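Listed below are the residues making up each chain.
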There are 2 protein chains.
Amino acid sequence: MKEKVRIIEVGPRDGLQNEKKALDQSVRIELIKKLVDAGIKRIEIGAFVSPQWVPQMAGSLDLTKQILRMQSQGQIAKDIKFSCLVPNVRGMEDALKSGIQEVAIFGACSETFSKKNINCSIAESFIRFRQVLEMAHYHKIKVRGYLSTAFGCPYEGRIDESRVIRLVKTMFKYGVYEVSIGDTVGVATPKQVESLLKKVKRVAPLNKIAMHFHDTRGTSLANVYASYNLGVRAFDTSVGGLGGCPYAKGASGNLATEDLVYMLKGMGIPLHADLEKLIGIKKWLEDKFERELPSRVGKAGIPKGFE
Amino acid sequence: MKEKVRIIEVGPRDGLQNEKKALDQSVRIELIKKLVDAGIKRIEIGAFVSPQWVPQMAGSLDLTKQILRMQSQGQIAKDIKFSCLVPNVRGMEDALKSGIQEVAIFGACSETFSKKNINCSIAESFIRFRQVLEMAHYHKIKVRGYLSTAFGCPYEGRIDESRVIRLVKTMFKYGVYEVSIGDTVGVATPKQVESLLKKVKRVAPLNKIAMHFHDTRGTSLANVYASYNLGVRAFDTSVGGLGGCPYAKGASGNLATEDLVYMLKGMGIPLHADLEKLIGIKKWLEDKFERELPSRVGKAGIPKGFE
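Residues numbered from 1 in each chain as written. Chains lettered and ligands numbered in written order. Predicted model: local features only at pLDDT ≥ 70, side-chain atom pairs only at ≥ 80, totals over all residues. Heavy atoms only, no water.

Caption draft 1: Layout of the packing of helix α4 (residues 89–98) of chain B against helix α6 (residues 122–138) of chain B. Residue and element names in this part refer to chain B. At a closest axis distance of 9 Å, the pairing of α4 and α6 adopts a crossing angle of 20°. For the element pair α4 / α6, the angle class is roughly parallel. Handedness of the α4/α6 crossing: right-handed. Touching V89, M92, E93 and L96 of α4 are Q131, V132, M135 and A136, all from α6. (Axes fitted to C-alpha atoms, helices over the stretch in contact; angles between N-to-C directions. Helix = DSSP H or I, 4+ residues; strand = E, 2+ residues; numbered from the N terminus. Parallel < 35°, antiparallel > 145°, perpendicular 65-115°, else oblique. Left-handed = near helix turned anticlockwise from the far one by under 90°. Contact = heavy atoms within 4.5 Å.)

Caption draft 2: Focus on helix α10 (residues 257–266) of chain A. Burial analysis of α10(A) places ten of its ten residues in the buried class, the great majority of the element. With its phi angle positive at about 80°, G268(A) sits one or two positions after the end of α10(A). (Buried < 20%, exposed > 50% of the residue type's maximum accessible area, 1.4 Å probe, protein only.)

Caption draft 3: Representation of empty space enclosed by the protein in the model. This model, assessed by the stated rule, comprises five cavities of 30 Å³ or more. Within this model, the largest cavity holds a volume of roughly 80 Å³. F151(A), G152(A), C153(A), G157(A), R158(A), V187(A), Q192(A), Y262(B), P303(B), K304(B), G305(B) and F306(B) together form the lining of the largest cavity. Secondary-structure elements contributing two or more residues to the lining of the largest cavity are β6 (152–153) and β7 (157–158) of chain A. Of the residues assigned to the lining of the largest cavity, the class counts are six nonpolar, four polar and two charged. (1 Å grid on protein atoms, 1.4 Å probe; cavity = no way out; pocket = protein on both sides within 12 Å on 5 of 7 lines; lining within 4 Å. Points joined across faces, edges and corners; volume = space filled by probe spheres on them. Nonpolar A, V, L, I, M, F, W, Y, C, P; charged D, E, K, R; others polar.)

Caption draft 4: Inspection of the packing of aromatic side chains at higher detail. Residues and elements named next belong to chain A. The tally for this structure, following the rule as stated, stands at 13 aromatic pairs over all chains. Geometrically, the ring pair formed by F126 and Y174 is edge-to-face, given 5.9 Å between the ring centres and 65° between the ring planes. With F126 in helix α6 (residues 122–138) and Y174 in helix α7 (residues 161–174), this residue pair connects regions lying 48 residues apart in the sequence. For Y174, a relative accessible area of 16% gives the class buried. (Phe/Tyr/Trp six-rings, centres within 6.5 Å; stacked < 30°, edge-to-face > 60°.)

Caption draft 5: Quick look at the packing of α10(A) against helix α11 (residues 275–289) of chain A. All names here are of chain A. At a minimum axis distance of 9 Å, the contact between α10 and α11 shows a crossing angle of 165°. With respect to their mutual orientation, α10 and α11 come out roughly antiparallel. In the packing of α10 onto α11, the handedness of the crossing is left-handed. Mapping the contact onto sequence places T257, E258, V261, Y262 and K265 in α10 and L275, L278, I279 and K282 in α11.

Caption draft 6: A look at the relation of the copies chain A and chain B. Here chain A sits on chain B after a turn of 180° about the axis and a move of 0.0 Å along it, with an RMSD of 0.0 Å. A rotation of that kind, with that shift, is consistent with a two-fold axis. Nearest to the rotation axis, the C-alpha of A222(A) is located 1.8 Å from it, this being the minimum over chain A. The fraction of interface residues of chain A whose copies in chain B are also interface residues reaches 100%, indicating that both copies meet through the same surface. (Least-squares fit on C-alpha atoms with pLDDT ≥ 70 in both.)

Caption draft 7: Just the sheet that holds strand β4 (residues 102–108) of chain B, in detail. Residue and element names in this part refer to chain B. The strand order β1-β2-β3-β4-β5-β8-β9-β10 describes a closed barrel built from eight strands, whose pairing is parallel. Across the sheet, the mean angle from the axis of one strand to that of its neighbour is 25°, orientation sign disregarded. Here four bridges tie strand β1 (residues 6–9) to strand β10 (residues 234–237), and the two strands are oriented parallel to one another. From the neighbouring strand, R6 faces β10, where its bridge partner is A234. (Pairing = 2+ DSSP bridges.)

Caption draft 8: Region of interest: the sheet that holds strand β1 (residues 6–9) of chain A. Residue and element names in this part refer to chain A. In spatial order, the strands read β1-β2-β3-β4-β5-β8-β9-β10; together these eight strands close into a barrel with parallel pairing. On average, adjacent strands in this sheet sit at an angle of 25° to one another, irrespective of strand direction. Across two bridges, the pairing between β1 and strand β2 (residues 42–47) is parallel. In the strand pairing of β2, E9 is matched with I43. The sheet strands contacting α7 are β4 (102–108), β5 (142–148), β8 (178–182) and β9 (209–212), and the helix crosses β5 at an angle near 170°.

Caption draft 9: Expanded view of the pattern of salt bridges. Residues and elements named next belong to chain A. Overall, the coordinates contain 36 salt bridges over all chains when judged by the stated rule. The partner of K277 in a salt bridge is D37, and the shortest N-O contact between them spans 3.4 Å. Of this pair, K277 sits in helix α11 while D37 is found in helix α2 (residues 25–37), placing the two residues 240 residues apart along the sequence. The partly exposed category is assigned to K277, whose relative accessible area is 37%. Of the charged contacts, one joins K191 and E194 as a salt bridge, the two residues approaching to 3.5 Å between their closest N and O atoms. Note that K191 and E194 are positioned in helix α8 (residues 190–200) at a spacing of three residues, about one turn of the helix. Through salt bridges with shared partners, a single network forms among R6, R42, E102, R144, E178 and D236. (Salt bridge = Lys/Arg side-chain N within 4 Å of Asp/Glu carboxyl O.)

Caption draft 10: A look at the side chain of S98(A). All names here are of chain A. Inspection of the secondary structure puts S98 in helix α4 (residues 89–98). Owing to a relative accessible area of 6%, S98 belongs among the buried residues under this scheme. In this structure S98 touches F48, L61, T64, K65 and L68, once residues within four positions along its chain are discounted.

Caption draft 11: Highlighting the layout of surface pockets. Residues and elements named next belong to chain B. In this model, the second largest pocket occupies a volume close to 1100 Å³. Along the wall of the second largest pocket there are 47 residues; nearest its centre are Q17, V49, V54, N117 and I118. Elements with a contribution of two residues or more to the lining of the second largest pocket: α1 (11–17), α3 (60–72), α4, α5 (111–118), α6, β5 (142–148) and β8 (178–182). Here the element with the most residues in the lining of the second largest pocket is α5; it accounts for four residues. When grouped by side-chain class, the residues that make up the lining of the second largest pocket number 22 nonpolar, 19 polar and six charged.

Caption draft 12: The arrangement of unusual backbone geometry in detail. Residues and elements named next belong to chain B. One non-glycine residue, T149, lies in the positive phi region at around 45°. Within the secondary structure, T149 sits in the loop between β5 and β6 (152–153). With a relative accessible area of 0%, T149 lands in the buried category. One non-glycine residue, E290, lies in the positive phi region at around 50°.

It is worth stressing that arrangement in space is one thing and function is another; only the former is reported here.
Set out below in structure tokens:
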């Protein structure tokens, strides 16, 4: 079955990175295997960053090697696509050592957010991206581009659409195969999403765009729905809603994978993802973190007569 | 300013009725006054039911008299519309005593839910509705009709659309001025909502329909958005998400008023409702109930640069 919607699971990277408690590598590997078992086909499994900066991602090189070994040995199906976040040339070197076939670069649409989050201006970050992309392409590695704070910034507020469009355009010009547009602080509403996507459409086909929504204000599934109606077919989610929101204490962050799967399946869209298994992973993670995760379907359960 | 979307605040009735702890009448009155101060124009303030069955609604007759007196004395603006739930002729007698100009009747689309929730079959409930409506019309009182479990039932699962359509049609035939279609257990997804509303449209104009969504599985704002796109302009909400979900422990129930207001204002729809004041009411209620309420915007706050 060819899936009509691509789900990109970012829990093992984006999710874990935003949790205070760092999980052991063996637990991270178990999480990835559980996600594969739950029918997820694309997973961001780590980040080649300094463990001083991001202890939660420490050992991503070894983790990636182990996951890819399992895949080459047939323990993980060949059709599962893994990727890792790569901030710079140094990280790209680890990517090459790991043997991973896809990497992701992470940029911001807000100048202030860029400085506070990746410690450089947007312009400087794009210079790094170019270097990473040149290396990646030389080694036939696919690159995915993130554009965070595309709708709002915790420091700058609303973000100018024209800036987002310019950055989307530049990322594709640099040779990324997909751009993930992120509502990092969960402020977007459907009309904003439609307005931006209609402009994005002029510079890139929407089948090359992924939307990365946060459920901080409960609008993420409405935004998914608006994006879907315009032709977007790729969405980033985090199992259990792992990650939380660093900018609003106790609030939800990443849209939970099971919440997206619930809505899409409820809309009659065929997916490999197994809702019950995803809810099982959410509960398993709650034990690991000793806290409740924000996933809604995970809490409410699958209703009688669903599917 | 004429509002493009009508918000029907059901917190003081539907919300409080589903909270274990019953609030003192003085606190219920304070809540209603706070909602008026926050710009809410339609509020369901009580239910003329037996206090044995619903202790949270005890004293609704006296409460309604007090609220209407305040309004007649000019302490509450004339344009605010209040209503009370009326299950039967006995309740309608109280409505007449209270002097309220609008009442609501509550039915279900699921036979099992009807028996368990209002203790009679759907057919029996409609006989009661007819009696209530005859009395109401004789006294020139407007009647609103609720149809709960329109998308799913905790006991029966999926509900047949044709049954919902038939009941909507009958309620209008009986003379209600508005039907509120409820996703009582929060299972609906946007495509289901569209499918049902397109059929409803054949038997009633959508400007006479209100949608009553529960955020149990995070889909309520997506469902609001789908309904809005089809022309629905009235939505029931509960401040703070008051009420919870009796069918999924710890899960959200009623869509929070502030979450709806956030999305609609974010979509550029003018509303009298004051987001900050609504969030203030949510916090005030959390003190009263000594528990956190599920409202998302109430937790995350109003983002920088909003409006």
